[in-house]
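Descriptive analysis of the structure
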Amino acid sequence: MEQTALLKQVEQFVFTKFKTDNTGHDYHHMQRVAKLAKHLAISEREDPFICEVSAWIHDVIDDKLTSNPDQEKNKVIAFLGELGITDQHIQFIIETITTVSYRKKKWPTSKVGQIVQDADRLDAIGAIGIARAFSYGASNGQPIYVPGQEEQEQSTVQHFSDKLLLIKDKLHTDTAIEIAQDRHERLVIFLENFKQEWHFLD
Ligand code: ADP
Ligand code: NI
């Protein structure tokens, strides 16, 4: 099967899986990460096809999104096999997606893994990252902000300091680092405005 047709099949597989997600891991997150991964791959002279396929399915076997990651992994392996992707490539793609998650603090062992992880992290910062954080916070029942917060209840604004503001210094590729500059600045400006409005009459 030709690569464009193959990618369409992968997209359809992911669409069916994530169309009802409301935790910030919806189909559109996968689509943005796939597009970013392709862009990073071209700029970093890596294989855009392997990067894009891995990016499309990067959250499929995540244990916070599925109760049975092993079963999901087998389904993905079978699906990629049906598409005619070689066993060697499938093994590589599976290895890639098991190392991209931020939360598990695993480190990608290949440039492809680094690219997919960078693409995933870029989607967690900037204007979209802000929207996703509050969407996740709402679905998790956490407050948007707890003033004077220090080891208290988790809030979404706290998540900015815990993770989002650190992302720009954790990226692997020069292309992603460049893209992250503006997105990071948007987080900083948002937080300044947010706190200024919150404490307006203090
Ligand atoms: P990944 O896409 O790598 O699986 P995560 O599951 O860690 O990443 O995060 C998915 C999205 O949810 C990100 O946009 C992230 O900022 C947001 N998120 C994760 N944990 C929190 C939290 N405690 N509060 C607010 N947003 C969160
Ligand atoms: Ni993701």
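So, here is what we can say about the structure in this document. In this text the structure is predicted, and so the values were computed from the model without any measurement.

A look at the site of ligand 1
Around ligand 1, 15 residues are found, and the nearest of them are His 25, Lys 64, Asp 120, Gln 142 and His 159. One of the side-chain nitrogen or oxygen atoms of His 159 is found 2.9 Å away from an oxygen atom of ligand 1. Within the complex, 93% of the 550 Å² of free accessible area of ligand 1 lies under protein. Those elements that place two or more of their residues in the shell around ligand 1 are helix 7 (126-139) and helix 8 (156-162). The dominant element in the shell around ligand 1, judged by the number of residues it contributes, is helix 7, at three residues.

Focus: the coordination of the nickel ion (ligand 2)
Coordination of the nickel ion (ligand 2) by the protein involves His 29 (NE2), His 58 (NE2), Asp 59 (OD) and Asp 120 (OD), with metal-donor separations of 2.2 to 2.5 Å. Each donor residue of the nickel ion (ligand 2) lies on one chain, and together they are spaced H-x28-H-D-x60-D. Here Asp 120 lies in helix 6 (residues 111-122) and Asp 59 lies in the loop between helix 3 (48-56) and helix 4 (69-82), a separation of 61 residues in the sequence. For the residue pair Asp 59 and Asp 120, the accessibility class agrees, reading buried in each case.

Focus: helix 4
Each turn of an α-helix holds 3.6 residues, which means side chains three or four residues apart point in the same direction. With 14 residues, helix 4 should cover 20 Å at 1.5 Å per step; its first-to-last C-alpha distance of 20 Å lies within 8% of that length. Every buried residue belonging to helix 4 is among Glu 72, Val 76, Phe 79 and Leu 80, and all of these are buried. Along the axis of helix 4, the buried positions cluster into a sector of 95 degrees, meaning they face one direction only. In helix 4, the exposed positions that point more than 90 degrees away from the buried face belong to Asp 70, Asn 74 and Glu 82. Each element contacted by the buried residues of helix 4 is listed here: helix 1 (3-18), helix 3 and helix 5 (87-98). Looking one or two residues beyond helix 4, the residue adopting positive phi is Gly 84, at roughly 90 degrees.

A word on the environment of Lys 35
Here Lys 35 shows up in helix 2 (residues 27-43). Remark: the alpha-carbon pair of Lys 35 and Arg 45, spanning ten residues in sequence, is separated by 15 Å.

Quick notes on the pattern of salt bridges
Two side chains of opposite charge can pair, provided their charged atoms sit close to one another. Under the definition given, this model contains seven salt bridges. Where Lys 17 meets Glu 72, a salt bridge forms, and the shortest distance between an N and an O atom there is 2.8 Å. Linking Lys 17 in helix 1 with Glu 72 in helix 4, this pair joins segments that are 55 residues apart in sequence. Residue Lys 17 is classed as partly exposed on the basis of its relative accessible area, which comes to 29%. A salt bridge links Glu 72 to Lys 75; the nearest nitrogen and oxygen atoms lie 3.4 Å apart. Highlighted residues: Glu 72 and Lys 75, both in helix 4, separated by three residues, approximately one helical turn. Classification of Glu 72 by relative accessible area gives buried; the value is 10%. Judged by relative accessible area, which is 40%, Lys 75 ranks as partly exposed.

Examining the packing of aromatic side chains
Per the stated rule, a full pass over the model turns up ten aromatic pairs. Between Phe 13 and Phe 79, the ring centres sit 4.1 Å apart and the planes meet at 10 degrees, which makes this aromatic pair stacked. Pair noted here: Phe 13 is in helix 1 and Phe 79 is in helix 4, with a separation of 66 residues, a long-range link. Ring geometry for Phe 15 against Tyr 27: centres 5.0 Å apart, planes inclined by 85 degrees, an arrangement best described as edge-to-face. Here Phe 15 is found in helix 1, whereas its partner Tyr 27 is found in helix 2, with twelve residues between them in sequence. The partly exposed category is assigned to Phe 15, whose relative accessible area is 34%. On the basis of relative accessibility, which here comes to 11%, the residue Tyr 27 falls in the buried class. An aromatic cluster of three or more residues is present, and its members are Phe 134, Tyr 145, Phe 160, Phe 190, Phe 194 and Trp 198.

How each quantity is defined
Residues numbered from 1 in each chain as written. Chains lettered and ligands numbered in written order. Predicted model: local features only at pLDDT ≥ 70, side-chain atom pairs only at ≥ 80, totals over all residues. Heavy atoms only, no water. Near = heavy atom within 4 Å. Polar contact = N/O pair within 3.5 Å; in protein donor to acceptor, adjacent residues only side chain to side chain. Areas by Shrake-Rupley, 256 points an atom, 1.4 Å probe, with all protein chains shown as cover. Helix = DSSP H or I, 4+ residues; strand = E, 2+ residues; numbered from the N terminus. Donors = N, O, S within 2.8 Å, 3.2 Å for Na, K, Ca; no water. Buried < 20%, exposed > 50% of the residue type's maximum accessible area, 1.4 Å probe, protein only. Expected span 1.5 Å × (residues − 1). Arc of directions from axis to C-beta. Contact = heavy atoms within 4.5 Å. Salt bridge = Lys/Arg side-chain N within 4 Å of Asp/Glu carboxyl O. Phe/Tyr/Trp six-rings, centres within 6.5 Å; stacked < 30°, edge-to-face > 60°.

Take it as geometry only, folks, not as evidence of what the structure does.
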